Amino acid sequence: MRRVSFSVTFPDGVAHPLHRRLVATDGVSRVELLMWGPMGTVTTLLWCDGGPAATADLLAAVESVTATEFVERDDGTYAFVHQTTYEFEAAILTLVEDARIVFLPPVTFRDTGAVAFEAVGRADALTDFYDELTELGEGTIERVREFDRRAAAGLTDRQRAALEAAVAVGYYDVPRSGSVADVAAELDCAGSTAGELLRKAEATLVTDAIDTG
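Residues numbered from 1 in each chain as written. Predicted model: local features only at pLDDT ≥ 70, side-chain atom pairs only at ≥ 80, totals over all residues. Heavy atoms only, no water.

**Quick word on the overall build of the protein**
The condition is simple: Working definition: helices are DSSP H or I runs of at least four residues, strands are E runs of at least two. Numbering for both runs from the N terminus. Exposed residues in this analysis have more than 50% of their type's maximum accessible area, buried residues have under 20%, and partly exposed residues fall in between, with area computed by a 1.4 Å probe over protein chains only. Throughout, a residue-residue contact means that at least one pair of heavy atoms, one from each residue, lies within 4.5 Å. All accessible-area figures derive from a Shrake-Rupley calculation using a 1.4 Å probe, and residue coverage is judged against the displayed protein chains alone. Only four residue types enter the charge count: Lys and Arg as positive, Asp and Glu as negative, with His and the chain ends excluded. To locate a charge, take atom NZ for lysine, CZ for arginine, CG for aspartate or CD for glutamate.
Helix and strand counts for the protein stand at 8 helices and 8 strands. Taking the principal axes of its C-alpha atoms as reference, the protein extends roughly 50 × 45 × 30 Å. Counting all 213 residues of the protein, 40% fall into the buried class. The long-range share in the protein, meaning contacts at least 24 apart out of those at least 6 apart in sequence, stands at 63%. On the protein, roughly 11500 Å² of surface is accessible, and the fraction owed to carbon and sulfur atoms is 53%. Computing the positive centroid from 18 side-chain charges and the negative centroid from 35, the protein places the two 7 Å apart.

Have a look at this one:
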């Protein structure tokens, strides 16, 4: 099985209303859809790299929202969101529902207009999905790797993103060519937050290696 990282930019008529607001405003540059319920319940957990007021402004663009609850943290705001419909275009929902693959959280919306996400499945199913995806927007395949259930366990999505950023900037090169500040810049967060994410991720991986070695 393959684990593939996708990126896609939808035209305005297809993009989600929250994403259109994100591109047009300055208060938030990144929104992560962390968890979502079954299609019938439409309950989601979001993370935004802005404060509660900026997050509320983004969600105001989604007419179907019926209730929200915000939890502010140093690196952003978590939002529990209840709504009557997802407000994705029907073509996107059909593509997701019919896909023979599994989608991994988070789905990341960026102020550049791009949506980034990962999926797992057989190579042929992932190829079919990508072909249909690129009929709706400008899509690219960012990364392809073998899926390993052990690699998916233990780390949070933010910790995994921090490790990937650290590898990208050379933080783990020998000799080291990147810094925690570089990782923070990649994640668009404070240096203290990046350092904490790396320490916790490293502790999890080391403990895992010792326990299974």
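Having seen the structure, we can now continue with the description.
**Observations concerning the nonpolar core**
Stated formally: The term nonpolar core refers to a set of buried residues drawn from Ala, Val, Leu, Ile, Met, Phe, Trp, Tyr and Cys, joined through side-chain atoms within 4.5 Å.
One finds Phe6, Phe10, Val31, Leu46, Phe117 and Leu133 to be the most contacted residues of the largest nonpolar core, which totals 30 residues. When near neighbours in sequence (up to four residues on either side) are disregarded, Leu133 contacts Phe6, Val8, Phe10, Leu95 and Phe117. If you look at the next biggest cluster of nonpolar residues, it comprises 15 residues, including Ala165, Tyr171, Val183 and Leu187.

**As for the sheet that holds strand S7 (residues 114-121)**
Hydrogen bonds between backbone groups are what pair the strands of a sheet, and the pairing can be parallel or antiparallel. Which entries qualify depends on this criterion: One requirement defines pairing of two strands: DSSP has to find at least two bridges between them. For helices, the fitted line uses only the C-alpha atoms of the stretch in contact; every axis is such a line through C-alpha atoms, and the angle between N-to-C directions lies from 0 to 180 degrees.
The strand order across the open sheet formed by 8 strands is S4-S5-S3-S2-S6-S7-S1-S8, and the pairing between neighbours is antiparallel. Where the open sheet ends on each side, the last strands, each with one partner, are strand S4 (65-73) and strand S8 (138-146). The average angle at which neighbouring strand axes cross in this sheet is 20 degrees, direction not considered. As paired elements, strand S2 (residues 30-36) and strand S3 (residues 43-48) share 5 bridges and run antiparallel to each other. The residue of S3 that forms the bridge with Leu33 is Leu46. Strand contacts of helix H4 (residues 123-133): strand S1 (2-9), strand S6 (102-110), S7 and S8, with the helix running at about 0 degrees to S1, the strand carrying the most contacts.

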